[in-house]
Amino acid sequence: MDWTRQSIAAVALGILLVALVLVTIGTVAYFAIGYGPNAEALTTVEGNEAITIERFDRGTAVRSGPITNNTVGVVYYPGARVNHESYVPTAASIVTERDIVVVIVDMPLNLAVLAPNRATDAMATQPAVESWNIAGHSLGGAMACRYAADNAADLDGLVLHAAYCDVDISHSDLRVLSVLGTDDGVLNTDRERKHRALLPADAEIVELDGVNHAGFGAYGPQRGDTPAPREPSAMRADVADVTGSWLVRPNIGTTNETTVNTTANESAKTSAIYTG
């Protein structure tokens with residue numbers, strides 16, 4: 001073959017295009033496969049007759065009783081690369097013996113940033129629910145906060161799991177709960193503390209002793225995280241207890257009896273250490 005500049009350029013372009021296709025396929029597969037769910041944890045929930053799991057297009061709903069207009073609704077955004085059903089076990093503990101339904105959203109390529117407004121469709125799956133909150137883990141929490149900022153009038157509250165807001169909701173009427181883990185090796189703790197200023201003054205910030213980043217769901221070890229300091233089910237139980245109690249508190253009139261410790265620069269926020 002007589003190589004000319006044109007033929008060399010054509011071959012080079014072809015190689016480049018093939019490389020781009022392969023990189024694209026690899027990237028899509030990397031995010032699509034993702035983490036979890038843990039089969040044993042999911043099977044345990046599915047075998048619990050007290051828990052109802054409803055799977056639908058773009059999500060999974062978890063509840064423990066009939067849905068009425070008194071039921072507290074929660075839309076949940078998963079963390080980056082985490083299969084949304086990895087949060088079914090946590091959701092099951094949240095709704096147990098509580099009038100709550102958690103709708104966990106299935107995100108494209110397991111990335112909430114690609115569909116930050118799916119909460120609207122998720123809420124439509126439970127038309128009887130009148131009170132809605134939005135929640136999320138890690139990147140899902142940041143995207144939940146962005147949704148809350150744009151739709152505050154349609155929501156009662158925001159729950160952050162190992163996450164922080166990157167938009168200002170400090171002047172909203174939203175109730176806010178931020179749940180953190182003392183052994184989280186993924187969350188940028190400096191940024192989290194800095195971004196607390198973006199939350200309402202009465203936001204509750206709860207730090208759970210012996211909980212790492214992956215402890216909020218059931219998907220196994222996560223790259224960069226601290227090794228699990230406790231049994232995963234125990235970590236999830238602590239996360240669920242704090243979250244579920246906070247969600248129903250206005251309905252049952254209870255108060256947080258855990259000792260509250262505040263520092264001078266965080267006096268406007270409620271901060272507590274929970275030990276499991």
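In the block above lies the structure referred to throughout.
Predicted model only: the values in this text are computed from it and were never measured.

Q: For this particular structure, what's the right way to read the pattern of salt bridges?
A: Pairing between side chains becomes possible if they bear opposite charge and their charged atoms approach one another. Evaluated as defined, the whole model comprises nine salt bridges. A salt bridge links Arg230 to Asp238; the shortest N-O distance between them is 3.0 Å. Residue class for Asp238 comes out buried when judged on its relative accessible area of 18%. By sharing partners, the salt bridges in this structure join Glu46, Arg55 and Glu85 into a single network.

Q: Mind showing me how you'd approach the side chain of Thr243 here?
A: The residue Thr243 is located in helix H7 (residues 232-252) in this model. Filtering out sequence-adjacent residues up to four positions away, Thr243 remains in contact with Ile94, Val159, His161, Leu177 and Val179.

Q: For this particular structure, what's the right way to read the state of the cysteines?
A: Two cysteines whose sulfur atoms are joined by a covalent bond form what is called a disulfide. As enumerated under the stated definition, the model contains one disulfide in all. What pairs with Cys145 in a disulfide is Cys165, and their sulfur atoms sit 2.0 Å apart. Torsion about the S-S bond of the Cys145 and Cys165 cystine: about 110 degrees, corresponding to right-handed handedness. Within this pair, whereas Cys145 is found in helix H5 (residues 139-150), its partner Cys165 is found in the loop between strand E6 (157-161) and strand E7 (175-181), the two being separated by 20 residues in sequence. Each member of the pair, Cys145 as well as Cys165, is classed as buried.

Q: Please explain the packing of helix H2 (residues 39-46) against helix H3 (residues 88-95) as it appears in this structure.
A: Between two packed helices, both the angle of their axes relative to each other and the distance between the axes serve to describe the pair. Relative to each other, H2 and H3 sit at 35 degrees, their axes nearing to 9 Å. Of the two elements, H2 crosses H3, and the hand of that crossing is left-handed. Taken together, the residues of H3 that come into contact with H2 (itself represented by Ala41, Leu42 and Val45) are Val88, Pro89 and Ala92. Broken down by class, the residue content of the contact of H2 with H3 amounts to six nonpolar, no polar and no charged.

Q: Any chance you could explain the pairing of strand E2 (residues 59-63) here in plain terms?
A: Each regular strand carries side chains that alternate between the two faces of the sheet. With five of five residues buried, E2 lies mostly within the body of the structure. Along E2, one buried face is formed by Gly59, Ala61 and Arg63 and the opposite face, lined by Thr60 and Val62, is buried too. As defined by bridge partners, strand E1 (residues 52-56) adjoins E2 across five bridges and the pair is classed as antiparallel. Counted as the bridge partner of Ile53 is Val62 from E2. Adjacent in sequence and paired antiparallel, E1 and E2 are bridged by two residues, among which Arg58 carries a positive phi angle near 75 degrees. Strand direction decides the pairing type here: E2 and strand E4 (residues 100-105), joined by five bridges, are antiparallel. Bridged to Thr60 within E4 is Ile104.

What counts, and at which threshold
- Residues numbered from 1 in each chain as written.
- Predicted model: local features only at pLDDT ≥ 70, side-chain atom pairs only at ≥ 80, totals over all residues.
- Heavy atoms only, no water.
- Salt bridge = Lys/Arg side-chain N within 4 Å of Asp/Glu carboxyl O.
- Buried < 20%, exposed > 50% of the residue type's maximum accessible area, 1.4 Å probe, protein only.
- Helix = DSSP H or I, 4+ residues; strand = E, 2+ residues; numbered from the N terminus.
- Contact = heavy atoms within 4.5 Å.
- Disulfide = S-S within 2.5 Å.
- Axes fitted to C-alpha atoms, helices over the stretch in contact; angles between N-to-C directions.
- Left-handed = near helix turned anticlockwise from the far one by under 90°.
- Nonpolar A, V, L, I, M, F, W, Y, C, P; charged D, E, K, R; others polar.
- Pairing = 2+ DSSP bridges.

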